Amino acid sequence: MSEQERIQKQRTERSEATQEAETSTGAKSEKLKADLDELLDEIDSVLEENAEEFVRSYVQKGGE
Amino acid sequence: MAIEKILGIETEYGIAGGPENDPILASSLVVTAYARLQQYLIKWDFEAEHPEIDARGVRGHLQFAPIVEKTVANTVLTNGARLYVDHAHPEYSAPECRTPLQATLYDVAGEEIMLEAQKAANSSLDENDHITLYKNNSDGKGNSYGTHENFLVSREVPFDDIVRAMVPHFVSRQLLFGAGKVGAETEWGGREPGEFQLSQRSEFFEEIVGLETTMKRPIVNTRDEPHADAERFRRLHVINGDANMSQVATFVKLGSTALLLAALEEFGPTVFPSPPAAPVRAMRAYAQDLSWVHSGLSTVFVEDENGMRVSSWEYQDQLWQLAQHFVDQTGGVAVAEAQEITLIMEQWRELLDGIANNPDVVSDRIDWLAKYRMIIGFQERHDLTPLSPRLGAIALQYHDLRPEKSLAQRAGLIRLCELIEVRNAMHEPPADTRAYFRGECVRRFPENISSANWDSVVFDLEDGALHRVPMMDPTRGTKDLTEKLFDESATAEEFLERLNR
C-alpha cells in the first residue's frame, strides 16, 4: 500500500468511525471546550508572577 | 509462560529553591523533614546494589557505570516505599505492586508524600528559601532526570528478545503517555524554540541498548539488578517514559507495558511487530508528530526492519491487538484480575480512537494534549508569540504539586484513585507483594531495623549481631503469609524467633 493509499484508508476509516462517535463525543467535546475556557480565565491568577525569571531560573542537575 | 508482573515506578522530582539554591541540600531537607514527621529514619542497605552488572552478561565499563551514593539522606516508609536523595533530586521509589492500578495508586501517593515533605521542609525555612517540587523530567535547558518503571520478568526470556519485542512499544507509546514540552533541548531535538513536542524525555535517548542512565541514554536499559532471585527473575528497568500527571496515562502506560511483557513470556518475540530500522531516530521523530491535533492523521512514518513505513499510532494499534490476543488466550491473569484487564484494554483503545478521531475527548487523559490545549488556548486568547515566557511558565507549572499552583489539577484530568485510597496508600503497604513485609517491619519495629532494601530487612536486636531477613521472591512476604506472624509478635525478638522456626 502506498503512503497515499494508506492515508486515504485512514481517512475513510476515520470518517466512518467519526460519524458513529460524533453524537456521543460531540456533547463531551463541547463541555471540554467550555472547561478550557474557564481554565484560561483562571490561569492568569495562578501563573507565577514573573514568568520570564521563573522559567529562566528553573535549572536542574541531570539525574538517574 | 507468563509470570506475575510485579511492578512499580520510581520518580526523581525536579526541585527549585532551597538555601543557597543548592539542590542537593534542598533534596536532603525534603527527605529528612518527611522522616522527622514519621519519627523514624531507616538507612538503606547497599549490600545488593550492583548497577554496573549488565543484563547482556558482561560487567559495564567502570567509567560509564552508575555510581551508588552511600551517604545521602534516605528513609524507608511504612507503605514500603523508599524516599531518598538521588544525585540532586528527591526520589520516591514506590513499593512493589501486584497490578498496574495498584502501582498507579502508589505513584499518586508519592505525589502526596512529596507535597507533605515539601511543606514540612518549608515550615522551617525562610520564605525566600522555600522549596518547590515538580513532577516532570526536564528543565528545558538540556538537563533530564528520570521516571523509571520496573517490571518483574522471567529469567527464561533472553534479553535480546526483550529488546526486539519491546522497542516498538517504547518508541511509540509517547503518543499516548508523553507529558509534552515546549521547544527542544538537544542538538537533535528537531524543534524550533516555542514549538511543542509530545515527550519530555524522547530527545534525550541516543542508543538502543545500554547500561547507562545519565549519559548516552538507551531505549532499553540493561541494568541487571533483579533485587530478587537472579536465577528466576529479571527486573526490567524502563527508563524511557515521562512522568505523568494524568492517572489514566500512568495506569495505561503500566498496564500496556505489563501486558506486552507477559505476552512476550507467553508467545515469544516473533508475534511482535517488526521494530523500526532506526529506533532512536524513530523515537525522536514520533515525539515531533503533532499532526494529530490538526487532522487526526499521522504524517510521520518511519521504516521498520522490513522496509514498511509505520506511524506511532499504527504501532500502538498493532500492539493493542497483540495484548488483546494475549488476554483472550490467558485472561491476562499474570497482570491483573479480569475487571482491571478490561479497564486497561478499554482505556488504551479509547485513547487510540480518541486521538485519531477527536483529540479533545482524550485531553482529559493524555498529558501532552491537556498541556498543549492550555498553551495554545492561552496564546490565542492573549495574542502571544510562541516564545512568550508565560507559555513556558504554563508548561512548567503544569507539574507543580501544590493544589494552589498546579495547572494539571486544573486541566480536568480524570482521577482514577479515590482520595481516601491515596491517603491510605501513603502509609499502608500493598498487601500482596513483599512490600507488605518491609512496610510492616518499619511500622512495627522501626527502632530495631538497622537498614533495609528491596530484597532484605536487617534487624539490630542489640545482641551484638545484625540479623538479615532476605526476601528474594517479590511475590512472597504478603499480608496473607505474614500478618498472623506479625500479630503474634509483641517484639522484634519474638518476631525473628517465629520467622526462624
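Residues numbered from 1 in each chain as written. Chains lettered and ligands numbered in written order. Predicted model: local features only at pLDDT ≥ 70, side-chain atom pairs only at ≥ 80, totals over all residues. Heavy atoms only, no water.

Colleague: Just give me the short version of the overall build of chain B, but keep the residues and values in it.
Modeller: For chain B, the count of helices and strands is 15 helices and 17 strands. For a compact globule of 501 residues, the expected C-alpha radius of gyration is about 23 Å, and chain B comes in at 22 Å, within 12% of that figure. Viewed in the frame of its principal axes, chain B has a C-alpha envelope of about 70 × 55 × 45 Å. Within chain B, residue pairs in contact and separated by at least 24 positions form 71% of the contacts whose partners lie at least 6 positions apart. Just so you have it, chain B exposes about 18500 Å², and 48% of that area is on carbon and sulfur atoms. Within chain B, the 78 negative side-chain charges are centred at a point lying 1 Å from the centre of the 48 positive side-chain charges. (Helix = DSSP H or I, 4+ residues; strand = E, 2+ residues; numbered from the N terminus. Rg over C-alpha atoms; globule rule 2.2 N^0.38 Å. Contact = heavy atoms within 4.5 Å. Areas by Shrake-Rupley, 256 points an atom, 1.4 Å probe, with all protein chains shown as cover. Lys, Arg positive; Asp, Glu negative; His and termini not counted. Charge placed at Lys NZ, Arg CZ, Asp CG, Glu CD.)

Colleague: A description of the domain arrangement of chain B should follow, citing residues and the corresponding values.
Modeller: Residue and element names in this part refer to chain B. Looking at chain B, the domain boundaries give domain 1 (8-362) and domain 2 (431-500). Distance between the C-alpha centres of domain 1 and domain 2: 30 Å. The partner domain 2 presents 23 residues to the 25 residues of domain 1 that form the contact. Counting the surface lost from both domain 1 and domain 2, the interface buries some 2100 Å², and carbon and sulfur atoms represent 61% of this. Where domain 1 meets domain 2, there are 5 salt bridges. Between Arg232 and Asp473 there is a salt bridge; the shortest N-O distance is 3.4 Å. Where domain 1 touches domain 2, the interface holds 12 residue pairs in polar contact (both at pLDDT 80 or more). Residues that form the side of domain 1 that touches domain 2 fall into these classes: 12 nonpolar, 5 polar and 8 charged. (Domains from an automatic or database assignment. Buried area = accessible area lost by both parts, 1.4 Å probe. Salt bridge = Lys/Arg side-chain N within 4 Å of Asp/Glu carboxyl O. Polar contact = N/O pair within 3.5 Å; in protein donor to acceptor, adjacent residues only side chain to side chain. Nonpolar A, V, L, I, M, F, W, Y, C, P; charged D, E, K, R; others polar.)

Colleague: Can you tell me about the side chain of His237(B), naming the residues and giving the values?
Modeller: Residue and element names in this part refer to chain B. With respect to the secondary-structure elements, His237 resides in strand β12 (residues 233-238). A relative accessible area of 2% places His237 in the buried class. There is a polar contact of 3.3 Å between the side chain of His237 and the side chain of Glu10. Looking at His237, its side chain comes within polar contact range of the side chain of Asn221, at 2.8 Å. When near neighbours in sequence (up to four residues on either side) are disregarded, His237 contacts Glu10, His148, Glu149, Asn150, Thr213, Asn221 and Arg223. (Buried < 20%, exposed > 50% of the residue type's maximum accessible area, 1.4 Å probe, protein only.)

Colleague: I'd like a description of the environment of Gly63(A), backed by residues and values.
Modeller: Tracing the chain through its elements places Gly63(A) in the segment after α2 (51-57). The buried category is assigned to Gly63(A), whose relative accessible area is 2%.

Colleague: So what's going on with the sheet that holds strand β15 (residues 449-453) of chain B? Which residues, and what values?
Modeller: Residue and element names in this part refer to chain B. Taking strand neighbours across the sheet as the criterion, the 3 strands line up as β15-β16-β17 in an open arrangement whose pairing is antiparallel. Every interior strand has two partners, whereas the edge strands, β15 and β17 (466-470), have only one. For this sheet, the mean angle separating the axes of adjacent strands, direction not counted, is 15°. Looking at chain direction, strand β16 (residues 456-460) and β17 are connected through 5 bridges and run antiparallel. Each bridged residue has a counterpart across the sheet, and for Phe459 the counterpart in β17 is His467. Running over the sheet, helix α13 (residues 435-444) touches β15, β16 and β17 and is turned about 25° from β16. (Pairing = 2+ DSSP bridges. Axes fitted to C-alpha atoms, helices over the stretch in contact; angles between N-to-C directions.)

Colleague: Tell me what's going on with the pattern of salt bridges, and back it up with residues and numbers.
Modeller: Residues and elements named next belong to chain B. Inspection of every chain in the model, using the stated rule, returns 38 salt bridges over all chains. In this structure, the salt-bridge partner of Glu185 is Lys181, at a minimum N-O distance of 2.6 Å. Accessibility assignment for this pair places Glu185 and Lys181 in one class, buried. When the shortest N-O distance is used, the salt bridge between Asp317 and Arg349 registers 2.8 Å. Here Arg349 lies in helix α9 (residues 338-357) and Asp317 lies in helix α8 (residues 312-330), a separation of 32 residues in the sequence.

Colleague: Tell me about the packing of helix α2 (residues 100-122) of chain B against helix α5 (residues 247-267) of chain B, and please be specific about residues and values.
Modeller: Residues and elements named next belong to chain B. For the pair α2 and α5, the least separation of the axes is 9 Å and the interaxial angle reads 135°. What the angle tells us is that α2 and α5 run oblique. The chirality of how α2 crosses α5 is right-handed. Contacts between α2 and α5 pair Pro100, Leu101, Ala103, Thr104, Asp107 and Val108 from the former with Gln247, Thr250, Phe251, Leu254 and Gly255 from the latter. (Parallel < 35°, antiparallel > 145°, perpendicular 65-115°, else oblique. Left-handed = near helix turned anticlockwise from the far one by under 90°.)

Colleague: Talk me through the packing of helix α1 (residues 23-38) of chain B against α2(B); I want residue IDs and the actual numbers.
Modeller: Residue and element names in this part refer to chain B. Across the interface, α1 lies against α2 with an axial gap of 8 Å and an inter-helix angle of 95°. Taken together, α1 and α2 sit at an angle that is classed as roughly perpendicular. Of α2, the residues touching α1 (which contributes Leu29, Val30, Ala33, Tyr34 and Leu37) are Ile113, Met114, Glu116, Ala117, Gln118, Ala120 and Ala121. Looking at the contact of α1 with α2 residue by residue, the class counts come to 10 nonpolar, 1 polar and 1 charged.

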